[in-house]
Amino acid sequence: MHKKLKFNGKAFVTYVAISFLFVSIFILIVFFGLNNKIVRYVGLINTIAIEKKDNEKVLKFDSVKKRLTSYPAYGSKYANIKIEAIDLTLPVYYGDNLEILSHGIGHYAGSYFPGEGGTVILAGHNNSGYFDKILELKKDDTVIIDADYGTFKYKVDRTDIVNENNLEAFPIQNDREMLILYTCYPLGIGHKTERFLVYAYRAGDMNE
Amino acid sequence: MKKFFVTFLVVNVLLGVLGVSAMSESKLLEKLSAKYNINGTTYQLRADDKVLAERYLNTNEVSSKDADYIASKIDEAIEIMKKSGEKDFTNFSKLPASLKKDLKKLVQDVASNTSVKATTAKGVVIIYNQDGTVFAEITGLVKNTGSNLNIIVPAAILVVALGAVVLVKNVKANA
């Protein structure tokens, strides 16, 4: 004789709820405990995957004309940004739409490339592990752009907080090479009307 | 849509320039920075649009036939804008519907009859290289870089909080 299994709805709901609770606690532990490491490892995986694809296009720099002879494909990774002062290393992609910014730092297509002698504009989300820490940057901190075609060093000059409509805060020129890093301000989720900007100037390449 | 007019100028001006093959680079840059006076207001390419235009020139080749066609469309566009009597062309979406239609048609003519391809969708203008890959997406300069925190995390916080409430209630009920 087999015993008939009786479905206990209340117990089932309780088990599901407890499981859900444990999964949620696990997510929170992972997010808050390992967030920076996750960002770094995901970035590393993206870098390996994308570099493999992008290696097909070799970027060359004409140092006389101060111009790239070929440009990276839109949306592809072409550099890493390294800022030792805030322990930051992130991939830099050409373009800055939402999809691109979800992978790392985006290069505004209407700005110059590192080495071209003009304004380079890089945007990043203000999440932990992305550009949240640029708020801590101080004058003379070093920012390195390690591009596929060369390595470029910049020194932080100043920071500023501006309204998102203040385009004058983003001067695009080619008289002097400057780097502008920006993120939404203040930190947090949702639409922000202000931007935190870091202005840095070219301090030479790594051989100088 | 906002940047449609600007994009039209970028694409057209840079290609119009290419029609003059003997032009030196400095003259070319001069031409890219040219000012257009329409109904008393002067328009000029923004610095970031100029950067894009120069980059397009460096990476794409355009036949003189295409360049001539586009140059004629620039003249046509300026003529249409002058005849409209409008003074502010900085915001495409605020222009009269018939004028927008005429200008869009010119851009479509360029896209259909030359090797320069551009599309618009949800306010974003996408310009393509001649090999069909994306050259650039034209959106505003300043992007929304607020936290893109995944919805899972706030949901997890909510679930844990609810769990705690249920637990406390049960403990109280059994006490």
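Residues numbered from 1 in each chain as written. Chains lettered and ligands numbered in written order. Predicted model: local features only at pLDDT ≥ 70, side-chain atom pairs only at ≥ 80, totals over all residues.

As a further point, take the overall build of chain B. Within chain B, the secondary structure is distributed over 6 helices and 5 strands. Going from N to C terminus, chain B has its helices and strands arranged as α-α-β-β-α-α-α-β-β-β-α. Here chain B holds 175 residues, and the buried ones make up 28% of them. The long-range share in chain B, meaning contacts at least 24 apart out of those at least 6 apart in sequence, stands at 66%. (Helix = DSSP H or I, 4+ residues; strand = E, 2+ residues; numbered from the N terminus. Buried ≥ 20, exposed ≤ 12 C-beta atoms within 10 Å, placed from the backbone. Contact = placed C-beta atoms within 7 Å.)

Before going further, it helps to examine the overall build of chain A. Looking only at helices and strands, one finds 2 helices and 10 strands in chain A. Moving toward the C terminus, one meets the helices and strands of chain A in the order α-β-β-β-β-α-β-β-β-β-β-β. Within chain A, the fraction of its 208 residues that count as buried is 36%. Residue pairs at least 24 apart in sequence account for 54% of intrachain contacts in chain A once pairs closer than 6 positions are excluded.

Next up on the list: the confidence of the model for chain A. Averaged over all residues, the pLDDT of chain A equals 84, while 81% of them reach at least 70. Here helix α1 (residues 9-54) of chain A stands out as the element of chain A with the lowest mean pLDDT, 66, in contrast to strand β6 (residues 119-123) of chain A, whose mean of 98 is the highest. (pLDDT = per-residue confidence, 0-100.)

Listed by partner, the interface residues are 41 residues for chain A and 30 residues for chain B. For the side of chain A that touches chain B, the secondary-structure elements that each account for two or more residues are α1 and β9 (178-185) of chain A. At 7 residues, α1(A) tops the list of elements feeding residues into the side of chain A that touches chain B. Of the residues that constitute the side of chain A that touches chain B, the class distribution is 21 nonpolar, 15 polar and 5 charged. (Nonpolar A, V, L, I, M, F, W, Y, C, P; charged D, E, K, R; others polar.)

As a further point, take helix α3 (residues 47-59) of chain B. Look at α3(B): 19 Å from first C-alpha to last across 13 residues, which is about the 18 Å you get at 1.5 Å a residue. Every buried residue belonging to α3(B) is among A47(B), D48(B), D49(B), K50(B), V51(B), L52(B), A53(B), R55(B) and Y56(B), and all of these are buried. (Expected span 1.5 Å × (residues − 1).)

Next up on the list: the nonpolar core. Nonpolar side chains in soluble globular proteins generally cluster together in the buried interior. Core analysis: the largest hydrophobic core is formed by 59 residues, its most contacted members being I81(A), V92(A), L122(A), V143(A), L179(A), I180(A) and L181(A). Not counting the four nearest positions on each side in its chain, I180(A) is found in contact with T119(A), I121(A), F170(A), L197(A) and Y199(A). (Core = buried A, V, L, I, M, F, W, Y, C linked by C-beta atoms within 7 Å.)

Residues and elements named next belong to chain A. By the secondary structure assignment, K82 is in strand β3 (residues 77-83). A residue is classified by how many C-beta atoms lie within 10 Å of it, and K82, with 16 of them, is partly exposed. Apart from residues lying up to four places away in sequence, K82 is in contact with T89, I144 and D146.

All right, on to the environment of G118(A) then. Residues and elements named next belong to chain A. As for its position among the elements, G118 is in the loop between β5 (105-107) and β6. On a C-alpha basis, the gap between G118 and Y201 in space is 10.0 Å, while along the polypeptide they are 83 residues apart. In this view, G118 contacts Y112, I172, Q173, N174 and E177; residues no more than four positions away in its chain are not counted.

On to unusual backbone geometry. Leave glycine aside and you will find that most residues have negative phi; peptide bonds, for their part, are mostly trans. Geometrically, the link from Y185(A) to P186(A) is a cis peptide bond, its omega value of -5° lying close to zero. By the element assignment, P186(A) lies in the loop between β9 and β10 (194-205). Although it is not a glycine, K66(A) sits at a positive phi angle of roughly 55°. Here the phi dihedral of N39(B) falls at roughly 50°; this positive angle occurs in a residue that is not glycine. Summarising the element assignment, N39(B) is placed in the loop between β1 (35-38) and β2 (41-44).

This brings us to the sheet that holds strand β4 (residues 124-128) of chain B. Each strand in a sheet pairs with its neighbour through backbone hydrogen bonds, running either in the same direction (parallel) or in the opposite one (antiparallel). Residue and element names in this part refer to chain B. One open sheet holds the 3 strands; their spatial order is β3-β4-β5, and the pairing between them is antiparallel. The open sheet is flanked by β3 (117-121) and β5 (134-138), the only strands paired with a single partner. Across this sheet, the average inter-strand angle for adjacent strands is 20°, counted without regard to direction. For β4 and β5, the ladder comprises 4 bridges, and the chain directions are antiparallel. In the strand pairing of β5, I126 is matched with E137. (Pairing = 2+ DSSP bridges. Axes fitted to C-alpha atoms, helices over the stretch in contact; angles between N-to-C directions.)

Now for the pairing of strand β7 (residues 142-147) of chain A. Residues and elements named next belong to chain A. Summarising the sheet, β3 and β7 pair through 4 bridges and their orientation is antiparallel. The residue of β7 that forms the bridge with K82 is I144. Where β7 hands over to strand β8 (residues 150-163), the hairpin turn is made up of 2 residues, counted between the paired strands.

Let's shift gears to the pairing of β4(B). Here β4(B) shows one buried face, formed by V125(B) and I127(B), and one open face, formed by V124(B), I126(B) and Y128(B). Once β4(B) ends, the chain turns through 5 residues before running back antiparallel as β5(B), passing G132(B) with a positive phi of about 95°.

One can find F170(A) in the loop between β8 and β9. Residues F170(A) and T142(A) lie 28 residues apart in sequence; the distance between their C-alpha atoms is 20 Å. Not counting chain neighbours up to four residues away, the residues in contact with F170(A) comprise I121(A), I180(A) and L141(B).

What follows covers the confidence of the model for chain B. All names here are of chain B. Scored by pLDDT, chain B comes out at a mean of 73, with 72% of its residues at no less than 70. Of all helices and strands in chain B, the one with the weakest mean pLDDT is helix α2 (residues 25-32) (50), whereas β5 scores best (88). Long-range and interchain partners of residues 14-29, a stretch whose pLDDT sits below 50, account for 26 contacts in this model, where long-range means more than four residues apart. The ipTM, which scores confidence in the relative placement of chains, is 0.72 for this predicted complex, and the corresponding pTM is 0.73.

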